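Close look at the chain arrangement
Given next are the chains, with one letter for each unit.
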Amino acid sequence: MRTKGTSPDKLKTQAAALLDKVRITQPRIHCITNSVAQTFTANVLLALGADPSMTVAPDEIGAFVSGSDATLINLGTLDTDRRQAALIAAETAKGLGRPFVLDPVFAHKSSSRKKLAQTILALEPSAMRGNSDEISGIEADDRKVVLAETGSIDTVRFCGSIAKLQNGHPLMAKTTAVGCALGAVIAAFLVVEEDRFLAVTAALMSFGVAGEVAAAKANGPGSFVPAFLDTIHNLATSDIEKLGRIS
Amino acid sequence: MRTKGTSPDKLKTQAAALLDKVRITQPRIHCITNSVAQTFTANVLLALGADPSMTVAPDEIGAFVSGSDATLINLGTLDTDRRQAALIAAETAKGLGRPFVLDPVFAHKSSSRKKLAQTILALEPSAMRGNSDEISGIEADDRKVVLAETGSIDTVRFCGSIAKLQNGHPLMAKTTAVGCALGAVIAAFLVVEEDRFLAVTAALMSFGVAGEVAAAKANGPGSFVPAFLDTIHNLATSDIEKLGRIS
Amino acid sequence: MRTKGTSPDKLKTQAAALLDKVRITQPRIHCITNSVAQTFTANVLLALGADPSMTVAPDEIGAFVSGSDATLINLGTLDTDRRQAALIAAETAKGLGRPFVLDPVFAHKSSSRKKLAQTILALEPSAMRGNSDEISGIEADDRKVVLAETGSIDTVRFCGSIAKLQNGHPLMAKTTAVGCALGAVIAAFLVVEEDRFLAVTAALMSFGVAGEVAAAKANGPGSFVPAFLDTIHNLATSDIEKLGRIS
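Residues numbered from 1 in each chain as written. Chains lettered and ligands numbered in written order. Predicted model: local features only at pLDDT ≥ 70, side-chain atom pairs only at ≥ 80, totals over all residues. Heavy atoms only, no water.

Structural notes on the interface of chain C and chain B
- Across the contact, 22 residues belong to chain C and 20 residues belong to chain B.
- Area buried by chain C at its contact with chain B is led by Val36, Lys174 and Thr176 of chain C, which between them contribute 28% of it.
- Between chain C and chain B we count 2 salt bridges in total.
- Two residues, Asp59 of chain B and Arg83 of chain C, come together in a salt bridge whose shortest N-O distance is 3.5 Å.
- Summed over the shared surface of chain C and chain B, the result is 9 residue pairs in polar contact (both at pLDDT 80 or more).
- At the level of secondary structure, the elements contributing two or more residues to the side of chain C that touches chain B comprise α4 (80-96), α5 (111-121) and α9 (221-234) of chain C.
- Among the elements that take part in the side of chain C that touches chain B, α9 of chain C stands out by supplying 3 residues, more than any other.
- When grouped by side-chain class, the residues that make up the side of chain C that touches chain B number 6 nonpolar, 12 polar and 4 charged. (Contact = heavy atoms within 4.5 Å. Buried area = accessible area lost by both parts, 1.4 Å probe. Salt bridge = Lys/Arg side-chain N within 4 Å of Asp/Glu carboxyl O. Polar contact = N/O pair within 3.5 Å; in protein donor to acceptor, adjacent residues only side chain to side chain. Helix = DSSP H or I, 4+ residues; strand = E, 2+ residues; numbered from the N terminus. Nonpolar A, V, L, I, M, F, W, Y, C, P; charged D, E, K, R; others polar.)

Put into structure tokens, the structure is as follows:
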């Protein structure tokens, strides 16, 4: 990990403190997310202590984003309503100076997705989450947006700082919408911490540690889901300090 | 509790009997509900012994409502299809004299929602479920519609009768779509009982008792979901008589 | 069971081998399915070892079907996007000679569904799954499409061959989207086996055995869901050989 003089141990302590801050603050997070991920994402936010709303109707999206502390824009199932809503949400959040997170799902698989992702990226989201194909596919610049690249090792990059996070469990990739829900968790952490690099790193660490703790209690991807939500709800800050792995 | 001479104990016995009647009758319930709540709502109805259908396509909604014993209209995620479908469903149900339930989610947060909710309310749904902001926001009249106001204490009001129900558990608010599913359960109870005040009270009592029993077995909001569905499926009428709390 | 000289025991061994082949091949399955079933279907495919995508946007569907090994077209919640996407998907899959599965949900309940189902059927899907009302309602010809009719006993018919499968459990009908997810599992098996009758039979047998094993661990329809996904993930081929029931 290379960041402005912050040691891994200090970062773990800071991440744990931010988890507590999210629980106390109960930030309102509006999510434009795909229909596969909506229920799970709402449940992850509730388990985290945040307050989700999920409508994708274009004529309402401005009001919902304005009433929220941060917004997630996930391009997973991109129908006509979501396409319009995504742009309105990004413009509204930018206009208000509120955090918003872009998850450019499958941006490398369809030219219309790539174009929309780049249009939203030009509005300067606070952070972007994706796998390496998605992030490299839309040529994001880590001087403007915090890049959270998830994979077997997660990497957070921003303006020369880099954190490599080694938490998580293979069952997380065997459950739909886990990655999508992470985008919403990042949004929640951005509400309580202005240092975006720290906020995103803390979100990924909390999420990965919760995944690890839950997987140890699960018999497969089915029982992983309730175990993961229970763990997010019950996670002790000491678990993050004890189990967080940064290199 | 103030209602036409019915004692709390008698109401608990009646509520328990209605739960059995729902299981025997297996009412067909059509749900226009938000995309976050669809799966959970269908599973709650199946666990209850009812037979759900969930399409929101405007050109089919008339046929599906006509083929159902009762209908739920929930305004959660209000896209173009759902907006049209909601009105057609309300008009169809009213025309057939079948029970329908309105859940005016977020009606106080957007003027277009409020207007749609009021238009549907003018078609005289059998019952309306919401929190206090939603119900006061659309100025519903408890002489025409049974009002089920949910919160830390649930209140049912109709034509001067009032029941205050003290079942439930905080985990129910930590799981998305629990309130939305309650709307569908109310619809199912309205099929088997003409006394609307009694039907709605019985639905809320059964739901709250199930939540309490399930929460006692859960480790958090994740394990609450399967425990709640199992409990609805397995709930004994004696549980309602034993655990129901009305004041 | 009557098929070209294949004994029930041999079929069980072949079915078990195909399950392994699906896990090794990790086929990409694109699903146009209803909004109630999307999350569960994606999770079933992931548990099975397949790689799901779920978008229903008409302008993207061609690219997603082209990038997949097989496609499911389920008519459950039939909005404008899905209606268009279903046709494009069927035409794309047919043009590429890739397997696709039709699930004509409620085709007997609405004339517009029936017409769409018949149009897709004329494009010759590899297999069709439905209950007896749905299959008889659209007059499918088992010389052109493998017919998987599910009920208390499942029947697979194709060109004179017939298999009757007696696995499964009543809890499967108490959980929404179980039947819909089976359509996606059939698509996955069709990728790894050219003999369509065998592929569909193996899919139904694996699914039914998993349902039985899961139900034995569940306390009701709620705990059945995680148990079922765990079981699909962990199912041993010896379980299929031991528990499969064909007559």
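A look at the packing of helix α2 (residues 38-48) of chain C against α9 of chain C
Residues and elements named next belong to chain C.
- Taken N-terminus to C-terminus, the directions of α2 and α9 make an angle of 30°; their axes are 7 Å apart at the nearest point. As summarised for this structure, α2 and α9 are arranged roughly parallel, according to the angle between their axes. Regarding α2 and α9, the two cross each other, and that crossing is right-handed. Here α2 contributes Phe40, Asn43, Val44, Ala47 and Leu48 to the contact with α9, which in turn contributes Val225, Phe228, Leu229, Ile232 and His233.
- Across the contact of α2 with α9, the residue classes break down as 8 nonpolar, 2 polar and no charged. (Axes fitted to C-alpha atoms, helices over the stretch in contact; angles between N-to-C directions. Parallel < 35°, antiparallel > 145°, perpendicular 65-115°, else oblique. Left-handed = near helix turned anticlockwise from the far one by under 90°.)

Let's talk about the packing of aromatic side chains
- Scanning the entire structure with this criterion turns up 12 aromatic pairs over all chains.
- Consider the rings of Phe207 of chain B and Phe228 of chain B, whose centres lie 5.1 Å apart with planes at 90°: the pair is edge-to-face. Here Phe228 of chain B lies in helix α9 (residues 221-234) and Phe207 of chain B lies in helix α8 (residues 196-215), a separation of 21 residues in the sequence. Accessibility classification places Phe207 of chain B together with Phe228 of chain B in one group, the buried group.
- Pairwise contacts between aromatic rings join Phe40, Phe207, Phe224 and Phe228 of chain A into one cluster. (Phe/Tyr/Trp six-rings, centres within 6.5 Å; stacked < 30°, edge-to-face > 60°. Buried < 20%, exposed > 50% of the residue type's maximum accessible area, 1.4 Å probe, protein only.)

Observations concerning the pattern of salt bridges
- What the rule picks out here adds up to 21 salt bridges over all chains.
- In this structure, Asp79 of chain A and Arg82 of chain A form a salt bridge, with 2.7 Å as the shortest nitrogen-oxygen distance. Both residues of the pair, Asp79 of chain A and Arg82 of chain A, belong to the buried class.
- A salt bridge links Glu149 of chain B to Arg157 of chain B, with the shortest nitrogen-to-oxygen separation between them at 3.0 Å.
- Judged by its relative accessible area of 26%, Arg157 of chain B is partly exposed.

Some points on the sheet that holds strand β6 (residues 146-149) of chain C
All names here are of chain C.
- Here we have 8 strands laid out as an open sheet, ordered β2-β1-β3-β4-β5-β6-β7-β8, and mixed in their pairing. With one partner strand each, in any of the chains shown, β2 (51-53) and β8 (161-165) form the two edges of the open sheet. Each neighbouring strand pair of the sheet contributes to a mean axis angle of 15°, computed without reference to strand direction.
- Across 4 bridges, strand β3 (residues 70-74) lies against strand β4 (residues 100-103) in parallel orientation. (Pairing = 2+ DSSP bridges.)

Quick word on helix α5 (residues 111-121) of chain A
- Residues of α5 of chain A that are buried include every one of Arg113, Leu116, Ala117, Ile120 and Leu121 of chain A, and no others. Seen end-on, α5 of chain A carries its buried residues on one side only, within an arc spanning 140°. Exposed residues lying more than 90 degrees from the buried face of α5 of chain A are Ser111 and Lys115 of chain A.
- Summarising the contacts, the buried residues of α5 of chain A are in contact with β3 (70-74), α4 (80-96), β4 (100-103) and β5 (127-130) of chain A together with α3 (58-66) of chain C. (Arc of directions from axis to C-beta.)

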